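Letter by letter, the chains look like this.
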Amino acid sequence: MVSLGASCAVFWSVFMMIVTFSFAGDIVHHDNIAPKRPGCENNFVLVKVPTWIDGVESCEYVGVGARFGPTLESKEKRANHTRVAIADPPDCCSLPKNKLTGEIILVHRGQCSFTTKANIAEKAGASAMLIINYRTELFKMVCEANETDVDIGIPTVMLPQDAGENLKNHILNNSVVSVQLYSPYRPLVDVAEVFLWLMAVGSILCASYWSAWTVRESAIEQEKLLKDASDEYVNAENAGYSAYVEISTAAAISFVVIASCFLVMLYKFMASWFVEVLVVLFCIGGVEGLQTCLVALLSCFRWFQHAAQTFVKVPFFGAVSYLTIAVTPFCIVFAVLWGVYRHVSFAWIGQDILGITLIITVLQIVRIPNLKVGTVLLSCAFLYDIFWVFVSKWWFHESVMIVVARGDKSGEDGIPMLLKIPRLFDPWGGYSIIGFGDIILPGLLVAFSLRYDWLAKKNLRDGYFLWAMTAYGLGLLITYMALNLMDGHGQPALLYIVPFTLGTFLSLGKKRGELKVLWTRGEPKIPCPHIQEDQSTNQ
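Residues numbered from 1 in each chain as written. Predicted model: local features only at pLDDT ≥ 70, side-chain atom pairs only at ≥ 80, totals over all residues. Heavy atoms only, no water.

Caption draft 1: Quick peek at the nonpolar core. Counting residues in each nonpolar core, the largest one holds 85 residues, and the members touching the most others are I247 and Y472. Ignoring any residue separated from it by four or fewer positions in sequence, one finds I247 in contact with A252, F255, V366, R367, I368, P369, V373, L377 and L444. In terms of nonpolar packing, the next biggest core, distinct from the first, is built from 25 residues, C40, V64, I120 and C143 among them. (Core = buried A, V, L, I, M, F, W, Y, C linked by side-chain atoms within 4.5 Å. Buried < 20%, exposed > 50% of the residue type's maximum accessible area, 1.4 Å probe, protein only. Contact = heavy atoms within 4.5 Å.)

Caption draft 2: Local environment of the packing of aromatic side chains. Taken as a whole, this structure holds 15 aromatic pairs when the rule is applied. Arranged with centres 5.8 Å apart and planes meeting at 70°, the rings of Y209 and W454 form a pair that is edge-to-face. Here the residue Y209 occupies a position in helix α4 (residues 191–228), and W454 occupies one in helix α13 (residues 437–455), the gap between them amounting to 245 residues. Residue classification places Y209 among the partly exposed residues on the basis of a relative accessible area of 36%. Its guanidinium or amino end placed over the ring of W428, K48 lies 4.8 Å from that ring's centre, counting from NZ or CZ. When the ring centre of F139 is taken as origin, the NZ or CZ atom of R109, which lies over that ring, is 3.9 Å away. (Phe/Tyr/Trp six-rings, centres within 6.5 Å; stacked < 30°, edge-to-face > 60°. Helix = DSSP H or I, 4+ residues; strand = E, 2+ residues; numbered from the N terminus. Lys NZ or Arg CZ within 6 Å of the ring centre and 35° of its normal.)

Caption draft 3: Quick peek at the state of the cysteines. Throughout the structure, instances matching the rule amount to two disulfides. Disulfide pairing is shown between C40 and C143; the S-S distance is 2.1 Å. Across the S-S bond of C40 and C143 the torsion is about 110°, and the bridge reads as right-handed. One end of the pair, C40, is in the loop between β2 (28–29) and β3 (44–53); the other, C143, is in the loop between β7 (128–132) and β8 (156–159), and 103 residues separate them in sequence. In this pair, the class of C40 matches that of C143, namely buried. Disulfide pairing is shown between C93 and C112; the S-S distance is 2.1 Å. The disulfide joining C93 to C112 has a torsion of about -95° about its S-S bond and is therefore left-handed. Residue C93 is located in the loop between β5 (82–86) and β6 (104–108), and its partner C112 is located in the loop between β6 and α2 (114–123); the two are separated by 19 residues in the primary sequence. Judged by relative accessible area, C93 falls into the partly exposed class, the value being 25%. (Disulfide = S-S within 2.5 Å.)

Caption draft 4: Representation of the environment of L444 within the structure. Assignment of secondary structure puts L444 in helix α13. L444 sits in the buried class, given a relative accessible area of 4%. C-alpha separation for the pair L444 and L378, spaced 66 residues apart in sequence, amounts to 9.5 Å. Excluding residues that lie within four positions of it along the chain, L444 makes contacts with I247, L363, V366, I368 and L377.

Dropping the structure here:
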C-alpha cells in the first residue's frame, strides 16, 4: 500500500513538470513574420530611455527599436543627453511647423507609416524619433512591403502610451525634458546562472545520495530479516522508512500527457486568482518538502535521534515521529510568510528554499526501476519541452510554456514552480529561472544510476553515476550558453539535457555490455554476497 507521502510525491512530480525551460528575459526579439530586407533589417531590441526634467533625473522608461534606421549606442556613457520636442502636427505625417536643431521629436502613432514619419523627422532636423503607442504595451515597427525609401539616418524608438504621455505633459507644462537612448548588451555570463547551475546540480546530488543510502539501508535490513527470520524489520519499516513509488512505462507517458493538459489549462485560465491557487498548492508542497528534508538533516545529529526514532500515532497520517511534529509548525510558518510576502524583492530566497526541498523530496520518493522507463520518460519529456516552447507558437501564436512561466495576463510575477535568482550584473535586471521539471526529470535517471552503482557494488569510476552527473551538468551548461546566444530568449532546457544524460547512459551501458541488464532488470534487488551466490547458482 502506497503511503500518503508517496502519493503526494507523485502529484508534485506531475505538478512541477509543467514548466521545463530556462529563461532570462528577452532583450532582442526575433521576428520571422516581418522579414528583413536591405535598409530594414534591424533586430527588435529593447531600449533604455532615462529622462531628465529640468535637469533633474526622473523616470527611466523602456521602449523598442524599429526594424529600420541606425542601431543604437550600447554604452550609457556614450549616449547623448538630448532635448525632446513635440511634433506639430502630432502625427508627423507632414513637415513639422516647429524648427528642429537636433532635438528628439515626440510623435503620436497613426495616420501614416513609421518610415514616412522617420523620413519627415529626419528632413526636419531631428536626431531621433520617439513614437507614442496608443496602448500601454510596445509594438514592433516594420517597413511596409511597397516602401522603397527606407534609407533612414535617425533611430526610431516606440514608447508605451503611459510613458509617452508623461513626457508630453511635462513638455506642455514648459519643462525642459531630455532623454538618453541606448540599448545595453546582456553580459555573456551572469552570476545568477552560476548559482542556478549549482542549485540544480546540488539538488540532484543530494537527492541521489539520499535515495541510494535509503535503498542500501533497506537492503541491509532485509538481509537481517532473512538471517533472523524475525518481525523486527517489518515493524521498523512501518515506523521509520517512507514508502516510495516506482514509475512504470505507462505512468511515464501519462505524466507528460497530464502535464500537457495542466499546462494548457494554465494558459487558458491564466489570471491572478488562478496563480493564487498555484501559490497555495506550492506552499502545501513546500511544507511537505521542507519538513521531510529538515527531519532527515536533524536526524543525523545525536541530540535529535531519539525524537526522530520515537513515533506517535496521528489520525489520517499514521505513525509520525516527535521530530516531525516539532518541525512542522516552523515549516508552515515559513511557507505562509513566503506566500504573503512573495512580492518583496528578496522573496525569491524563500521560493528557492521551498522549491529545492520539494525537488529533493520528490526525487527521494519517486523512482524509475530501470533504464527502459527512464528512456521513455525522458524521451516524452524531450518532445514535450520542444512542442510547448517552439511548436505551440503555430497553434496559439505564442509560446505556451513561456507565457505560463512569465505569468502573462495574470498580474503576477510568474508562477512559483521555478527556481529563480535576480540577475545582479545585467543592466536589464530581471531574473534567471529554471523550471522544476529540468531538475526532476533528468534527476530521476541520475538517482537511478547511483542506486544501481551502490547495489551492484561498483566504484565511482566503473559505475554510471559520475558520468550521468557530469552529463547533466554539461547539458545544463550548454543550455545557458544557448540562452545567452539567443539574448535571453527562453530555451527548452531538456532539449540539451536529455541527449547528454540519456545518450551518455545508453552509450556507456552498450559499451560495457550491461545495457540489457540496465534496460530490463535495473537495480539489483539484494546486494548481499551470499544471496548473489545463490542467484548465480540458480542461473
